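Coordinates in review
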Amino acid sequence: MTKDEEGIGMTGAEMIALAGSIAMCISNKMTPREVCLMRTFFQAVASNLATIEYTDTLCKTKKFKR
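Predicted model, so just to flag it, every value in this text is computed and none were measured.

Rules behind the numbers
Residues numbered from 1 in each chain as written. Predicted model: local features only at pLDDT ≥ 70, side-chain atom pairs only at ≥ 80, totals over all residues. Heavy atoms only, no water. Helix = DSSP H or I, 4+ residues; strand = E, 2+ residues; numbered from the N terminus. Buried < 20%, exposed > 50% of the residue type's maximum accessible area, 1.4 Å probe, protein only. 1 Å grid on protein atoms, 1.4 Å probe; cavity = no way out; pocket = protein on both sides within 12 Å on 5 of 7 lines; lining within 4 Å. Points joined across faces, edges and corners; volume = space filled by probe spheres on them. Nonpolar A, V, L, I, M, F, W, Y, C, P; charged D, E, K, R; others polar. pLDDT = per-residue confidence, 0-100. Patch = residues over 30% accessible without salt bridge, like charges linked within 9 Å, V, L, I, M, F, W, Y side chains within 5 Å. Areas by Shrake-Rupley, 256 points an atom, 1.4 Å probe, with all protein chains shown as cover. Salt bridge = Lys/Arg side-chain N within 4 Å of Asp/Glu carboxyl O.

1. Some remarks on the overall build of the protein
In terms of helices and strands, the protein carries 3 helices and 0 strands. Secondary structure elements of the protein occur, N-terminal to C-terminal, as α-α-α. Counting over 66 residues, the protein shows a buried share of 2%.

Following this line, the structure appears as structure tokens:
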């Protein structure tokens, strides 16, 4: 396994459990409006990470070699 394939050393189930725990901790004392704002913020983060991932993958192809 190469360094790129190692990832963060967590299984999918562990990542989901961690995400759920973090969401509960963050939203514990928030209003519904604040929870909505946090959801929007984290969706934007996820969207930008997906764009970065796609761009990196695209740039590694032969057609767009860096």
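Once the structure has been displayed, the description carries forward.
2. A word on the layout of surface pockets
Over the atoms, a rolled probe matching the size of one water molecule traces out where space is still vacant. A volume near 340 Å³ is recorded for the largest pocket. The leading source of residues in the lining of the largest pocket is helix 2 (residues 12–27), at 7 residues. Tallied by class, the residues present in the lining of the largest pocket amount to 12 nonpolar, 1 polar and 1 charged.

3. Digging into the confidence of the model for the protein
When pLDDT is averaged along the protein, the result is 84; 83% of the residues meet or exceed 70. The secondary structure element of the protein with the lowest average pLDDT is helix 1 (residues 3–6), at 55, and the one with the highest is helix 2, at 93.

4. Some remarks on a nonpolar patch on the surface
A cluster of nonpolar side chains, namely Ile8, Met10, Met15, Leu18, Ile22, Ile26, Phe41, Phe42, Val45, Leu49 and Ile52, defines an oily patch on the protein surface of about 990 Å² accessible area. Every element with two or more residues in the nonpolar patch is listed here: helix 2 and helix 3 (32–59). Top element by residues in the nonpolar patch is helix 3. It accounts for 5 residues. Among the structural elements, Phe42 can be located in helix 3.

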